[in-house]
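Below are the chains, spelled out letter by letter.
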Amino acid sequence: LIMRLRSILFAAALVAVPTITVAPSALAEPAVYTGRFSNVAVQGYDPVAYFTVGEPTKGSKDFSTEYEGAEFRFASQENLDAFLADPQAYAPQYGGYCAWAIAQGSLAKGDARRWKIVDGKLYLNYNKKVQADWEADIPGFIEQGDANWPSLVE
């Protein structure tokens, strides 16, 4: 009798335990890669400088703005103004995540030092080796990345 009573109480306890349901969007990654402990996009590099200077250039807190939920920093007021006038022209594709990983259907951080401008758009990659793999078929990886991107983030 005691064993049966314990079984009944255990079953009742399982039924009484509330379940927690998490909406899928709560599990999705943010649209802009900022790293785990920061809200700064492109690791603090100025996205406009890739187009104007042709190399990664650190931005400053003094010249910053929020875009797509992340802080973007710039090396000058002029670059900040250019970004504010047309953020989509300068923000990295796929939110700064690795372009090769996106083409594979997964997310990985983009390294601001591993970059390429293709058809007027900035792409970042995870590291030097991954960038070399991506450069083997840039048009194909961009096409696949564009198809995969919407389902990978919020």
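Residues numbered from 1 in each chain as written. Predicted model: local features only at pLDDT ≥ 70, side-chain atom pairs only at ≥ 80, totals over all residues. Heavy atoms only, no water.

Some details on the overall build of the chain
Okay, so step 1: Helix and strand counts for the chain stand at 8 helices and 4 strands.
Okay, so step 2: The order of helices and strands in the chain, counted from the N terminus, is α-α-α-β-β-α-α-α-β-β-α-α.
Okay, so step 3: Here the chain, with 154 residues, has 35% of them falling under the buried criterion.
Okay, so step 4: Considering only contacts within the chain whose residues lie at least 6 apart along the sequence, 56% involve residues at least 24 apart. (Helix = DSSP H or I, 4+ residues; strand = E, 2+ residues; numbered from the N terminus. Buried < 20%, exposed > 50% of the residue type's maximum accessible area, 1.4 Å probe, protein only. Contact = heavy atoms within 4.5 Å.)

Quick notes on the confidence of the model for the chain
Okay, so step 1: Averaged over every residue, the pLDDT of the chain is 86; residues scoring 70 or more account for 81%.
Okay, so step 2: The model gives residues 5–27 a pLDDT under 50, and that stretch makes 2 contacts with residues more than four places away or in other chains. (pLDDT = per-residue confidence, 0-100.)

Here we look at the environment of tyrosine 123
Okay, so step 1: Positionally, tyrosine 123 belongs in strand E4 (residues 121–125).
Okay, so step 2: Tyrosine 123 sits 13 residues away from glycine 110 along the chain, and the two C-alpha atoms are 8.4 Å apart.
Okay, so step 3: Those residues in contact with tyrosine 123 that sit more than four places away from it in its chain are Gln93, Tyr94, Ala99, Arg114, Trp115, Lys116, Val118, Trp134 and Ile142.

A look at the pattern of salt bridges
Okay, so step 1: Counting across every chain of the model gives 3 salt bridges.
Okay, so step 2: We note a salt bridge from arginine 73 to glutamate 71, for which the minimum N-O separation is 2.9 Å.
Okay, so step 3: Look at arginine 73 and you get buried, because its relative accessible area is 17%.
Okay, so step 4: Between aspartate 133 and lysine 129 there is a salt bridge, with the nearest N and O atoms lying 2.8 Å from each other. On the criterion of helical spacing, the pair formed by aspartate 133 and lysine 129 is a turn pair, its members being 4 residues apart in helix H7 (residues 128–135).
Okay, so step 5: Judged by relative accessible area, which is 29%, aspartate 133 ranks as partly exposed. (Salt bridge = Lys/Arg side-chain N within 4 Å of Asp/Glu carboxyl O.)

Description of the packing of aromatic side chains
Okay, so step 1: Counted under the stated rule, the structure contains 11 aromatic pairs.
Okay, so step 2: Ring geometry for phenylalanine 51 against tyrosine 90: centres 5.4 Å apart, planes inclined by 80 degrees, an arrangement best described as edge-to-face. Taken together, the residues phenylalanine 51 in helix H3 (residues 49–52) and tyrosine 90 in helix H5 (residues 87–90) connect sequence positions 39 residues apart.
Okay, so step 3: Owing to a relative accessible area of 28%, phenylalanine 51 belongs among the partly exposed residues under this scheme.
Okay, so step 4: With 5.5 Å between their ring centres and 90 degrees between their planes, tyrosine 67 and phenylalanine 83 make a pair best called edge-to-face. (Phe/Tyr/Trp six-rings, centres within 6.5 Å; stacked < 30°, edge-to-face > 60°.)

Notes on the pairing of strand E2 (residues 70–74)
Okay, so step 1: Among the 5 residues of E2, 4 are classified as buried, and the element is accordingly described as predominantly covered.
Okay, so step 2: Bridging between strand E1 (residues 60–67) and E2 involves 5 bridges; their strand directions are antiparallel. Counted as the bridge partner of threonine 65 is phenylalanine 72 from E2.
Okay, so step 3: Hairpin remark: E1 followed by E2, antiparallel, with 2 residues in the connecting loop; positive phi at glutamate 68, about 55 degrees. (Pairing = 2+ DSSP bridges.)

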